[in-house]
Amino acid sequence: MFVGGRLWLKAPVARDDRFDYAGELAHSHKLCGALSMDLPIDDRPRFHPKPGGLLVWGSTTFSEHLFWDTGASDDPEHWPVVVFGQRALDRGKNPWFDLEMPFEEALVAIVRSGVRLSDATLGPLAPTVERSSDYLKARSWAVPPPPGPKPAPDPRRLAAFTQGTGLDALCELVPPPEAPYLGEGSWDELFERLGTRLPTEFVALMERYGYGLFADWLHFPAPLRSDHRGLAKSVEESLYNYRDLRDDFPDYQPLAVWPEPGGFLPVVDTQGGDEIGWLTIGEPDEWPVIVYPRHNDQGPPLDGRLTDRILEWLRGNFTTDGFVRLFVDEDDPFETIRFEGMSPAPEQV
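Values in this document were obtained by computation on a predicted structure and should not be read as measured data.

### A few points about the pairing of strand β7 (residues 80-85)
Inference 1: In terms of burial, β7 is a largely internal element, 6 of the 6 residues being buried.
Inference 2: The alternating pattern of β7 places Pro80, Val82 and Phe84 on one face and Val81, Val83 and Gly85 on the opposite face, and all of these are buried.
Inference 3: In the sheet, strand β6 (residues 64-69) pairs with β7 via 5 bridges, with the strands oriented antiparallel. For His65, the partnering residue across the bridge sits in β7 and is Phe84.
Inference 4: Relative to strand β8 (residues 96-102), β7 runs antiparallel, the two being bridged by 4 bridges. Directly across from Pro80, in β8, lies its bridge partner Pro102.

This is the structure in structure tokens:
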């Protein structure tokens with residue numbers, strides 16, 4: 001349900017080919033948790049189903065996420081609303097703000113007068129309500145049965161958590177899909193459209209994993225698909241947007257962009273809005289990896305190849321812009337370090 005054209009209330013529904021209520025909640029929890037990992041430890045939130053954790057119930061078109069604080073009261077009617085604000089994070093501020101009012105009071109205030117966050121205002125909103133056609137076609141969501149005991153990690157995964165390098169070690173740590181989805185084109189067609197071939201290690205990485213997400217954070221478009229879900233279109237849009245921003249804010253967008261000499265060529269994006277690719281200096285297999293960060297000033301290129309950066313990030317040994325900390329000492333890393341392979345719905349192929 002969409003309130004005022006801006007606030008999305010997450011309904012407990014499911015649809016096999018599109019979404020699931022529990023999946024939507026988990027995605028919001030993981031996204032906001034990942035973006036909060038660099039806060040001081042006392043400022044990092046806990047999320048449901050951890051006892052007393054935050055439980056998301058809504059989001060906005062301006063990347064705010066609204067939660068209940070389930071640890072504040074034994075009565076859900078009195079759970080106060082807490083807001084995660086992307087704009088505060090973009091300005092280097094703590095993105096979490098406690099409205100100190102329960103759901104109904106908070107919703108009325110947001111619609112009627114707006115509520116002040118740390119450095120922005122949420123609302124007021126138009127007194128309108130719209131229903132998504134997808135939701136109308138969905139079924140009611142049912143609480144799944146409690147999970148059984150977690151199996152012990154595969155010994156090969158345990159070993160790969162600390163040993164090995166390159167794609168072989170990554171595949172042991174994060175098993176790739178049995179049938180990765182790349183798209184219907186060819187690498188030669190992609191290279192012709194981009195005007196360059198890509199590093200050999202990237203081609204090998206994509207042929208093993210394809211279209212999908214590492215740790216619900218790193219998003220790889222379908223490399224051989226030609227439409228808006230494919231890598232070529234993603235690169236073209238990213239370069240167009242970067243040039244446009246560079247024209248207005250050259251101090252914050254200092255990179256040359258492909259096909260300019262040594263230009264930035266992005267191939268990966270993150271759930272936090274960062275873009276990762278290479279500076280096209282020398283031959284493709286020599287290109288240095290670089291992150292174009294959403295929340296910070298431009299940094300220098302990274303050491304090593306993209307595959308090894310991903311491997312060390314998943315092991316918890318490497319964090320920087322674009323590669324957020326995934327877990328802390330008390331967490332089970334194997335609940336996080338996985339790859340979710342994607343494929344288009346039948347009508348999208």
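### Looking at the side chain of Glu312
Inference 1: As for its position among the elements, Glu312 is in helix α10 (residues 306-314).
Inference 2: Reaching out from Glu312, the side chain makes a polar contact with the side chain of Arg315 at a distance of 2.6 Å.
Inference 3: When near neighbours in sequence (up to four residues on either side) are disregarded, Glu312 contacts Asn317 and Phe318.

### A word on the packing of helix α6 (residues 166-173) against α10
Inference 1: Two elements in contact, α6 and α10, have axes whose closest approach is 9 Å; the angle formed by their N-to-C orientations is 35°. In the packing of α6 onto α10, the handedness of the crossing is left-handed. Mapping the contact onto sequence places Gly166, Leu167, Ala169, Leu170 and Leu173 in α6 and Thr307, Asp308, Ile310, Leu311 and Leu314 in α10.
Inference 2: Here the contact of α6 with α10 is built from residues that sort into 7 nonpolar, 2 polar and 1 charged.

### Points about the packing of aromatic side chains
Inference 1: Across all of its chains, the model carries 26 aromatic pairs by this definition.
Inference 2: Aromatic rings pair up to connect Phe202, Tyr209, Phe214, Phe220, Trp278, Trp287 and Phe339 into one cluster.
Inference 3: One Lys or Arg, Arg309, reaches over the ring of Phe318 and ends 4.5 Å from the middle of that ring.

### Quick look at the packing of α6 against helix α8 (residues 200-209)
Inference 1: Where α6 contacts α8, the two axes come as close as 11 Å, and the packing angle between them is 25°. For the element pair α6 / α8, the angle class is roughly parallel. Helix-helix and strand crossings are classified by hand; for α6 and α8 the assignment is right-handed. Only Ala204, Leu205, Arg208 and Tyr209 of α8 make contact with α6, whose side of the interface consists of Leu167, Leu170 and Cys171.
Inference 2: Per-class residue counts for the contact of α6 with α8 are 6 nonpolar, no polar and 1 charged.

So, how was this worked out
- Residues numbered from 1 in each chain as written.
- Predicted model: local features only at pLDDT ≥ 70, side-chain atom pairs only at ≥ 80, totals over all residues.
- Heavy atoms only, no water.
- Buried < 20%, exposed > 50% of the residue type's maximum accessible area, 1.4 Å probe, protein only.
- Helix = DSSP H or I, 4+ residues; strand = E, 2+ residues; numbered from the N terminus.
- Pairing = 2+ DSSP bridges.
- Polar contact = N/O pair within 3.5 Å; in protein donor to acceptor, adjacent residues only side chain to side chain.
- Contact = heavy atoms within 4.5 Å.
- Axes fitted to C-alpha atoms, helices over the stretch in contact; angles between N-to-C directions.
- Left-handed = near helix turned anticlockwise from the far one by under 90°.
- Nonpolar A, V, L, I, M, F, W, Y, C, P; charged D, E, K, R; others polar.
- Phe/Tyr/Trp six-rings, centres within 6.5 Å; stacked < 30°, edge-to-face > 60°.
- Lys NZ or Arg CZ within 6 Å of the ring centre and 35° of its normal.
- Parallel < 35°, antiparallel > 145°, perpendicular 65-115°, else oblique.

Read these as layout, nothing more, since geometry by itself doesn't imply function.
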